[in-house]
Amino acid sequence: MLHKIISTILLWVSMTTLFGQDFNAQQKAWLYKIVMKTPPLKRNWEEFFVYQGKLPANVDRYAVNGRIVTKVREKWDLIEDSIIVNPDILLIDYAGIRKTSPGLIADASVKLALWELYVILKEGYDQSPPFSINKTARYFHDELFKVLPSDLKKDGKVHKKYASSFYMLLNPSLPLNKKAGILSDIKKLPVSRQKAILEKWHHLVLEYVEKQSAIYFKNIVQDDTYFKGNLVAVGEGSGSSGLLSEYEKGGSEWIETGTGKGIGLFTYEMATKRGELTPRFESDVYINTLVAEPTLLHLSLWGMDSNKKPLILIKKDGKSYMLFADILSKEISPDPNKTKGISYLDRLVEFELKKITIPGEELNKSNGLLSIYQKEQSKKEVILGQIETLELEIDSLNKLESFNPQAKESRKEKIIVHLSNLTNKENRIKKLEKKISDEYRKIDQARSKLNEMQAVLGDDIQTWTKRDSVYTFSDGTIFNAFTQDLIFAEDSILKKVEVKLIAASFTLYIDQKDEVQMYVNTTGGVNRFSAKEDVAVNKVGIPDTIFNQSFYFEPDEFDCGCALGSEYYDLFKKIGTAVANKEKEIKLVLKANGVESSESSVTKVNSSAYLNELSNKTEYKNARRVDIEVVEESENYIFVINGYADAVNSRLSKLSHNNRSKYQKYYSQEQSLNIILSALRVSFALSELMRVAGLDLSEGVIQLIPLNQNISLSELRP
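Residues numbered from 1 in each chain as written. Predicted model: local features only at pLDDT ≥ 70, side-chain atom pairs only at ≥ 80, totals over all residues. Heavy atoms only, no water.

Caption draft 1: Quick peek at the environment of Val640. Secondary-structure assignment places Val640 in strand β25 (residues 636-645). In the structure, Val640 is positioned 13 residues away from Asp627 in sequence and 8.0 Å away in space, judged by C-alpha atoms. Not counting the four nearest positions on each side in its chain, Val640 is found in contact with Val589, Asp627, Ile628 and Glu629. (Helix = DSSP H or I, 4+ residues; strand = E, 2+ residues; numbered from the N terminus. Contact = heavy atoms within 4.5 Å.)

What follows is the structure, given as structure tokens:
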């Protein structure tokens, strides 16, 4: 306890004396939320934030017309309010943050700028008149007003008839398709002017985020490290999950309940198709490499509501690097098998199969068109042979001095019948030839289309090898999955890099694409970061992850099959032997997260009445899990196990009444007993691994993350 007190005092001293004071209390609260709800930031920065406040009650009760109204508030809203009232309850170690990847600092800076812009624009509706007080809100209002045609203006203002429509365009949570619909309903507005208005809006968002994120980045790094932030969005513009996976809850006539927070800030490139506006389904940005130092690209995604994953394609010096998005973790990886969902690459495979391979097989199968055509040709040859035979017979009869005329006439009649059959057969063959020709034409067109789709990827796609969390491409470029950084070696001259975002289609046949926005952040500072970490850019990857797997559970259960693949039995036997022989020790990092904090449902656990309905949904199945990573060091095996639960009230139904009762002290209104349920899952998974290893490990604690408490493993044993 004394050690913890001393550590907290030292941390407080470093935090209060080392920069970062340019952030006000509101921005610090936002930064804390951004870090805790962004997986790469949380796993790298969580230790640099100490929140010393308590979580206030999340239920407000007040009287309205003599009736008591209950309002449930989100956890992060309460934490934010607490920090604003008392900023000292949040300690931030800026010095520690500065030692981490500059890509992470860039990610936090861009998200902080976006969140602040969202809040500014949303609060602009509360001003009288709207967007008249805050300088930034007024700037957005005035700049968008400038591109309106004169027909929509009167006396230096938006014409009263169009005022409501104009204000909706400033809505930071209104999706693109609704803004485009508002503009298309204005009869006096041509498509070209509609396009100009939306492109102006997207430019304003880009301009603000680029400038403001650069300020935040410099506030943290406190030097001139290069940084440039870009945003690019693709999809159909119908809406997506909000910033930090949060959704609007109403409270304003302008903000629609249930829409994703900030989705009106997606920066699409617009195109005109069949006389209508549409966002592009693929878009790119170009960046410059740095000279005489490595160039770091930090890539982060926002959106992806479905099981469709966008493809990120980076091209440099004629080489291509592919990164795939994971719809569950919202992170990216060069390994398409590491991520869940359907990508552009998967559609290429599907396109070739359905448009080329299968049609070709259908043509060539035993009862296919080619087989039928050959049979019809054979039948035609038989008819021609029959006619030729009859004609020869008639010639022979004509050479005779005398013959029965009827014999000749009957053969002529047969020839007439055969000629009729031949005509029918030739017509049939012509139709078959047309069908076959059409099929080959479709296949050839599909092959040309496939070649075009494949050409997008480039001719020199880089392969990779993986060690620990680092992927090394064949040319030496690395991608660090732990920090989500792509790092190019230094160049002697400036070079262009293309970063393309390709939306995933909903189906092969319907021209719909999932919307997603990508942050493309370019920074320097790689050499300094690597030196601080004592890791050269070309030597990343030690210690080594030797096991990385997830186990999944049934609703409200904490024991599962947790079947290890046969290839891992020897691994854990080896671990057990090394520990038993005192060659290495086991270190435990065990965390019970309850309902995953990165999900929008973190502060709202659904009623158990919906259990049967919800339990089979993909997002709920994926939430009921433990993630296990085992890292081997020279002297230790580090077991990192994170447990999670789905957003359904936990009853701990598998425990006896007495055991359930002893865990009631860990109940929370927003999580019910899901925190303990996830802890039980962690404990069970650990015991299963220890059983295979032949070890008895009963000492240790599990961190109950949402409660900021610990529970011992022994307390979780029945």
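Back to the text.
Caption draft 2: Examining unusual backbone geometry more closely. Looking along the chain, the bond that leaves Ser128 and enters Pro129 is cis, with omega of -5°. Within the fold, Pro129 resides in the loop between α6 (102-124) and α7 (135-146). Even without being glycine, Arg274 reaches a positive phi, approximately 50°. Arg274 sits in the exposed class, given a relative accessible area of 74%. Positive phi, normally seen in glycine, also occurs at Ala292, with a value near 70°. (Buried < 20%, exposed > 50% of the residue type's maximum accessible area, 1.4 Å probe, protein only.)

Caption draft 3: Expanded view of the nonpolar core. Counting 84 residues, the largest nonpolar core has Tyr32, Trp45, Phe49, Leu114, Phe140, Leu170 and Leu265 as the members making the most contacts within it. For this core, the element with the highest residue contribution is α6, accounting for 14 residues. Those residues within four positions of Tyr32 in sequence are excluded, and the remaining contacts are Phe49, Tyr51, Trp76, Ile79, Ile83 and Leu90. One finds Phe572, Phe639, Ile676 and Ala693 within the second-largest nonpolar core, a separate group that totals 44 residues. (Core = buried A, V, L, I, M, F, W, Y, C linked by side-chain atoms within 4.5 Å.)

Caption draft 4: Just the packing of aromatic side chains, in detail. This model, assessed by the stated rule, comprises 21 aromatic pairs. With a centroid separation of 4.9 Å and 75° between ring planes, the pair formed by Tyr125 and Phe131 is classed as edge-to-face. Take Tyr125 and Phe131: they sit in the same class, and that class is buried. Aromatic side chains Phe572 and Phe639 sit 6.3 Å apart centroid to centroid with 55° between the ring planes, which places their arrangement in the tilted category. A residue pair is termed long-range when its members are at least 10 positions apart, and Phe572 in helix α15 (residues 566-580) and Phe639 in strand β25 qualify at 67 residues. A relative accessible area of 0% means that Phe639 is categorised as buried. Each member of the aromatic cluster is reached from another via a ring pair, and the members are Tyr32, Phe49, Tyr51 and Trp76. The ring of Tyr637 has Lys584 lying over it, and the distance from NZ or CZ to the ring centre is 4.9 Å. Here the guanidinium or amino end of Arg625 rests over the ring plane of Tyr644, the centre of that ring lying 4.3 Å away. (Phe/Tyr/Trp six-rings, centres within 6.5 Å; stacked < 30°, edge-to-face > 60°. Lys NZ or Arg CZ within 6 Å of the ring centre and 35° of its normal.)

Caption draft 5: The side chain of Gln212, seen in detail. Within the secondary structure, Gln212 sits in helix α10 (residues 191-221). Those residues in contact with Gln212 that lie beyond four places of it in its chain are Ala113 and Glu116.

Caption draft 6: Representation of the confidence of the model for the protein chain. Here the protein chain shows a mean pLDDT of 84. Residues at 70 or above account for 86%. When mean pLDDT is compared element by element in the protein chain, strand β19 (residues 485-488) scores highest at 96, while helix α1 (residues 2-17) scores lowest at 36. Every residue in residues 1-21 is under pLDDT 50, and counting partners more than four places away or in other chains gives 19 contacts. (pLDDT = per-residue confidence, 0-100.)

Caption draft 7: Region of the structure containing the pairing of β25. Burial analysis of β25 places nine of its 10 residues in the buried class, which makes it a mostly covered element. Sheet analysis places strand β24 (residues 625-632) next to β25, joined by seven bridges and oriented antiparallel. What sits directly across from Asp627, in β25, is Asn642. (Pairing = 2+ DSSP bridges.)

Caption draft 8: Summary view of the sheet that holds strand β16 (residues 464-467). Taken in spatial order, the seven strands line up as β7-β21-β11-β19-β18-β17-β16 in an open sheet, and their pairing is antiparallel. The sheet is open, and its two edges are formed by β7 (227-234) and β16, each paired on a single side. Within the sheet, the average angular offset between the axes of one strand and its neighbour, ignoring direction, is 20°. Bridge count between β16 and strand β17 (residues 470-473): four bridges; the pairing is antiparallel. Across the sheet, residue Arg467 finds its bridge partner in β17, namely Val470. The sheet strands contacting α10 are β7 and β21 (516-523), and the helix crosses β7 at an angle near 145°. (Axes fitted to C-alpha atoms, helices over the stretch in contact; angles between N-to-C directions.)

Caption draft 9: Expanded view of helix α12 (residues 369-399). In a regular helix each residue adds 1.5 Å, so 31 residues correspond to 45 Å; α12 covers 45 Å between its end C-alpha atoms and thus fits that length. Residues of α12 that are buried include every one of Ser371, Tyr373, Glu376, Lys380, Ile383, Ile387, Leu390, Ile394 and Leu397, and no others. The elements touched by buried residues of α12 are α11 (344-364) and α13 (405-455). (Expected span 1.5 Å × (residues − 1).)

Caption draft 10: Here's a closer look at the side chain of Glu515. Examined against the element boundaries, Glu515 turns out to sit in the loop between β20 (496-502) and β21. Residue Glu515 is classed as buried on the basis of its relative accessible area of 3%. Here Gly237 takes part through its backbone nitrogen, which lies 3.0 Å from a polar atom of the side chain of Glu515. Of note is the side chain of Glu515, whose polar atom sits 3.1 Å from the backbone nitrogen of Ser238. Those residues in contact with Glu515 that lie beyond four places of it in its chain are Val234, Gly235, Glu236, Gly237, Ser238, Gly239, Ser240, Phe266, Tyr268, Gly303 and Met304. (Polar contact = N/O pair within 3.5 Å; in protein donor to acceptor, adjacent residues only side chain to side chain.)

Caption draft 11: Examining the packing of α11 against α12 more closely. The N-to-C vectors of α11 and α12 enclose an angle of 25°; their axes lie 4 Å apart at closest approach. In terms of orientation, α11 lies roughly parallel with respect to α12. Where α11 approaches α12, its residues Glu362, Leu363 and Asn364 are matched on the opposing element by Leu369, Leu370 and Ser371. Considering only residue class, the contact of α11 with α12 consists of three nonpolar, two polar and one charged. (Parallel < 35°, antiparallel > 145°, perpendicular 65-115°, else oblique. Nonpolar A, V, L, I, M, F, W, Y, C, P; charged D, E, K, R; others polar.)

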